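Fold and contact review
For reference, the chains in residue letters:
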Amino acid sequence: MTFELGDSLMDVILYSMENQDARLVVDAQEGSVLPVSGDGGPSLVAVDEDDGDRYYRLPDWTSNDGFELLRDFTNGLHSPLAREDLKRALNGGRGVFRRFKDAIKFYPEVERKFFVFKENRMKARVVEWYNGLRESWGMEKLEFSGSDALEETEELVLNDFIFREYDSSKDGNDIGRCSDFVAEEYERQFSLDLGKAVAELWRNLSGARGQGEKFGYVCRSYADEFTGCLLFSFCPSTTRTVASLTDFFVLQDYRGLGIGGGLLSKCLPMLKKRGIQWVLISNTIIPGFMESLLERLGFDRLGSGYLADLTKVNVFD
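Parameters and conventions
Residues numbered from 1 in each chain as written. Predicted model: local features only at pLDDT ≥ 70, side-chain atom pairs only at ≥ 80, totals over all residues. Heavy atoms only, no water. Helix = DSSP H or I, 4+ residues; strand = E, 2+ residues; numbered from the N terminus. Buried < 20%, exposed > 50% of the residue type's maximum accessible area, 1.4 Å probe, protein only. Contact = heavy atoms within 4.5 Å. Areas by Shrake-Rupley, 256 points an atom, 1.4 Å probe, with all protein chains shown as cover. Pairing = 2+ DSSP bridges. Axes fitted to C-alpha atoms, helices over the stretch in contact; angles between N-to-C directions. Parallel < 35°, antiparallel > 145°, perpendicular 65-115°, else oblique. Left-handed = near helix turned anticlockwise from the far one by under 90°. Nonpolar A, V, L, I, M, F, W, Y, C, P; charged D, E, K, R; others polar. Salt bridge = Lys/Arg side-chain N within 4 Å of Asp/Glu carboxyl O. pLDDT = per-residue confidence, 0-100. Polar contact = N/O pair within 3.5 Å; in protein donor to acceptor, adjacent residues only side chain to side chain.

Within the protein, the secondary structure is distributed over 11 helices and 10 strands. Expressed as a percentage of the 317 residues in the protein, the buried residues total 43%. Sequence separation of 24 or more characterises 62% of the internal contacts of the protein that already satisfy a separation of 6 or more. About 17500 Å² of surface is accessible on the protein, with carbon and sulfur atoms providing 49% of the total.

With respect to topology, 7 strands assemble into an open sheet ordered 4-5-6-7-8-10-9, the strand pairing being mixed. Two strands bound the open sheet, and with one partner strand each, they are strand 4 (161–165) and strand 9 (300–302). This sheet shows a mean twist of 25° between the axes of neighbouring strands, independent of strand direction. With 3 bridges connecting them, strand 9 and strand 10 (residues 305–309) associate as antiparallel partners. Each bridged residue has a counterpart across the sheet, and for leucine 302 the counterpart in strand 10 is glycine 305.

Each packed pair of helices is defined by two parameters, the angle between the axes and the distance between the axes. Following both chains from N to C, one finds helix 4 (residues 80–90) and helix 5 (residues 96–104) inclined at 160°, their axes separated by 8 Å at the closest point. Here helix 4 is positioned roughly antiparallel relative to helix 5, judged by the angle of their axes. The element helix 4 and its partner helix 5 pack so that their crossing is right-handed. Note on element contacts: helix 5 touches helix 4 through Val96, Arg99, Phe100, Ala103 and Ile104, opposite Asp85, Leu86, Ala89 and Leu90. Considering only residue class, the contact of helix 4 with helix 5 consists of 7 nonpolar, no polar and 2 charged.

Inspection of the entire model under this criterion finds 20 salt bridges. A salt bridge links arginine 220 to aspartate 174; its shortest N-O distance comes to 2.6 Å. With arginine 220 in strand 5 (residues 214–221) and aspartate 174 in helix 8 (residues 168–189), the pair connects residues that are 46 residues apart, well separated along the chain. We classify arginine 220 as buried; its relative accessible area is 5%. Residue classification places aspartate 174 among the buried residues on the basis of a relative accessible area of 17%. Two residues, aspartate 180 and arginine 203, come together in a salt bridge whose shortest N-O distance is 3.5 Å.

It is worth spelling out the sheet that holds strand 1 (residues 24–27) at this point. If you trace the 3 strands from one edge of the open sheet to the other, you get 2-1-3, paired in antiparallel fashion. Strand pairing shows two members of the sheet lacking a second neighbour, strand 2 (32–35) and strand 3 (55–57), which therefore form its edges. Strand after strand, the sheet turns through a mean of 40° between neighbouring axes, direction not considered. Taken together, the 4 bridges between strand 1 and strand 2 define a ladder with antiparallel strand orientation. The partner of valine 26 across the bridge, within strand 2, is valine 33. With respect to the sheet, helix 1 (residues 7–17) is in contact with strand 1 and strand 2, its orientation differing from that of strand 2 by roughly 30°.

This part covers the confidence of the model for the protein. Put simply, the protein has an average pLDDT of 83, and 87% of its residues get 70 or more. In this model residues 48–52 is a low-confidence stretch, pLDDT under 50, and it forms 4 contacts with partners more than four residues away in sequence or in other chains.

Examined against the element boundaries, aspartate 309 turns out to sit in strand 10. At 2.6 Å, the side chain of aspartate 309 and the side chain of threonine 311 are in polar contact. Those residues in contact with aspartate 309 that lie beyond four places of it in its chain are Gln277 and Trp278.

What follows deals with unusual backbone geometry. Apart from glycine, the bulk of residues carry a negative phi angle, and the bulk of peptide bonds sit in the trans form. Of the consecutive residues cysteine 235 and proline 236, the connecting peptide bond is found in the cis state with omega at -10°. The residue proline 236 is located in the loop between strand 6 (226–234) and strand 7 (242–250) in this model. A positive phi is found at leucine 192, a non-glycine position, where the angle reads about 45°. One can find leucine 192 in helix 9 (residues 192–209). For leucine 192, a relative accessible area of 73% corresponds to the exposed category. With phi around 70°, aspartate 224 is a residue other than glycine that occupies positive phi space.

With that out of the way, let us pick up the environment of leucine 5. Turning to its location among the elements, leucine 5 is positioned in the segment before helix 1. In this structure leucine 5 comes out as buried when scored by relative accessible area, which is 16%. Put simply, leucine 5 and alanine 28 are 23 residues apart on the chain and 9.9 Å apart in space, counted from C-alpha to C-alpha. Setting aside residues no more than four positions away along its own chain, leucine 5 makes contact with Met10, Ile13, Val126 and Tyr130.

Take the pairing of strand 8 (residues 278–281) next. Two faces, one strand: in a regular strand the side chains alternate between the faces of the sheet. With 3 bridges connecting them, strand 7 and strand 8 associate as parallel partners. Within strand 8, the residue paired with serine 244 across the bridge is leucine 280. Of the strand pairs in this sheet, strand 8 and strand 10 are connected by 4 bridges, and their pairing is antiparallel. Its bridge partner lying in strand 10, tryptophan 278 is registered against aspartate 309.

Here is the structure:
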């Protein structure tokens, strides 16, 4: 007996999969999930031998699967502070699921991303199980992609922040102060003199290229906390068609939430409207996850940097 995997049944299956104390099956005739028991519910014999294969055991989802989900999410997280706290929660022995739940509550935006990540992982397991049944029924397999849900979550998270054009009188002090935080982060990341050298390079790059007019976008929380920026200046200062990146960073507490991509999506249309054709990114530190985004947008490698022709790049008008 076949059954349709609709949204409501999918939700019930997802909820039921985490129940480690009961044996549960899908009742194909009723389109519901039932416990396997000898009192009022189908017996194990009925599940195996019922005429027409009415009952189907749910896909396996063990505590090991749950732990792997937590570990994969944590390892792929771009928010350093949240990632370290979650790693500590995972490495503490017994009570790992409770510790993880308690730790992630301190990072609401990351928690929202986790719930979507978890749902996508478990839905993929259900669709894989259901496709196995469909194959036995002589039916075509279903396709599943969780990318849309993840993108929607990124958009919801970004709705918690304000993106606006850079104003030196309002943002200058915050950018200088927070840029020093990033320099100190690099100094701690590397050892001794190397850390000092990287931090000094970071400070000098922004200062040296910031002698002329700067323009771009900053991001703030609704509590007016500065979270990051993406700034450019004309290069050279006498031209008006080439812009060079001067400042690009997101503070540790806010990384992994899509703010860097949000800043970029705001800046490119603004640069194009200013009549700028060429965008040059060089002699700066670009996070690895941003490199793939730049390349998707149409930026080309130029030595160790990037160059984009805004007449060809996919800007977000």
